[in-house]
Amino acid sequence: KKNNKILKENLYNKYLIMKNNPELKFIISGNCDKIGSIVYNEKLGMRRAEAVKKYLVKNYKIDPDRLTTETMGNRIPLTDKTYINRRVDFSIDSRK
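This structure is a prediction, so every number in the text was calculated from the model and none was measured.

**Concerning the pattern of salt bridges**
As a working rule, side chains carrying opposite charge can pair if their charged atoms are close by.
Then step 1. Enumeration according to the criterion identifies four salt bridges in this entry.
Then step 2. A salt bridge links Asp33 to Arg86; the shortest N-O distance between them is 2.5 Å. One end of the pair, Asp33, is in the loop between strand S1 (26–31) and helix H2 (38–60); the other, Arg86, is in the loop between helix H3 (82–85) and strand S3 (88–92), and 53 residues separate them in sequence.
Then step 3. The exposure class assigned to Asp33 is buried, which follows from its relative accessible area of 5%.
Then step 4. On the basis of relative accessible area, Arg86 is assigned to the partly exposed category, the value being 43%.
Then step 5. Residues Arg75 and Glu42 are paired through a salt bridge, measuring 2.4 Å at the closest nitrogen-oxygen approach.

**Overview of the pairing of S1**
Then step 1. Of all the six residues making up S1, six are buried; the element is thus mostly covered by neighbouring parts of the structure.
Then step 2. Burial along S1 is two-sided: Phe26, Ile28 and Gly30 facing one way and Ile27, Ser29 and Asn31 facing the other are all buried.
Then step 3. Bridge count for S1 against strand S2 (residues 67–73) is six bridges, and the pairing is parallel. Each residue of the ladder has a partner; that of Asn31, found in S2, is Gly73.
Then step 4. For the crossover that starts at S1, traverses H2 and ends in the parallel S2, the hand is right-handed.

**So, the layout of surface pockets**
Then step 1. In this structure, the largest pocket spans a volume of roughly 490 Å³.
Then step 2. Residue lining of the largest pocket: 15 residues in total, with Leu7, Asn10, Arg86, Arg87 and Val88 positioned closest to the centre.
Then step 3. Those elements giving two or more residues to the lining of the largest pocket turn out to be helix H1 (2–20), H2 and S3.
Then step 4. Looking at the lining of the largest pocket element by element, the count peaks at six residues for H1.
Then step 5. Here the lining of the largest pocket is composed, by residue class, of eight nonpolar, two polar and five charged.

**Focus on the sheet that holds S1**
Then step 1. Reading across the sheet, the three strands line up as S2-S1-S3 and stay open at both edges, with mixed pairing between neighbours. In this open sheet, the two strands that pair with only one neighbour each are S2 and S3. Neighbour to neighbour, the strand axes of the sheet diverge by 25 degrees on average, direction disregarded.
Then step 2. Each of S1, S2 and S3 is contacted by H2, which is oriented at about 155 degrees to S2, the strand it contacts most.

The rules behind these values
- All chains use their own residue numbering, which begins from 1 and follows the written sequence.
- Under the rules for a predicted model, residues below a pLDDT of 70 receive no local features and side-chain atom pairs below 80 are neither given nor counted, while totals for whole chains, interfaces and linings still include all residues.
- The side-chain values count all of the structure's non-hydrogen atoms but skip hydrogen atoms and water molecules.
- What counts as a salt bridge is simple: a side-chain nitrogen of Lys or Arg found within 4 Å of a carboxyl oxygen of Asp or Glu.
- Per the convention used, a helix needs a DSSP run of H or I reaching at least four residues, while a strand needs a run of E reaching at least two, with both numbered from the N terminus.
- Exposure categories follow from relative accessible area, calculated using a 1.4 Å probe and restricted to protein chains: below 20% of the type maximum is buried, above 50% is exposed, and the middle band is partly exposed.
- The rule for pairing is simple: two strands pair if DSSP sees at least two bridges between them.
- Place the viewer so that the strands point away; then a crossover is right-handed whenever the path from the first strand over the helix to the second strand goes clockwise.
- Points on a 1 Å grid over protein atoms alone make up a cavity when a 1.4 Å probe fits among them but cannot get out, and a pocket when they form an open set with protein on both sides within 12 Å along at least five of seven lines; lining residues each have an atom within 4 Å of a point.
- Grid points are joined across faces, edges and corners, and a volume is the space filled by probe spheres set on the points.
- Under this grouping Gly is polar, as are all residues other than the nonpolar Ala, Val, Leu, Ile, Met, Phe, Trp, Tyr, Cys and Pro and the charged Asp, Glu, Lys and Arg.
- To define axes, lines are fitted to C-alpha atoms, for helices over the stretch in contact only, and angles between the resulting N-to-C directions are given on a 0 to 180 degree scale.
- Contacts are assigned to residue pairs with any non-hydrogen atoms lying within 4.5 Å of each other.

Rendered as structure tokens:
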């Protein structure tokens, strides 16, 4: 429950950034740990990114056209600690 609360707070903070910057578009990147096959982690990373997008659209009415999802699989670990690499990253989409 504690992790769920932290996740919701983090997504709420992302929502505030989106609300206050309606001209910006974002890329949501799903990441995984190194457990599992490359194919599995690619799909898992995309499911993570899509779940976050769906949450933002449903709960905060963010225009889905402002959000692009992608998977990074297990290609960009932050640490050797498994649980930290199970994450979603946000970046500003500067593509036109």
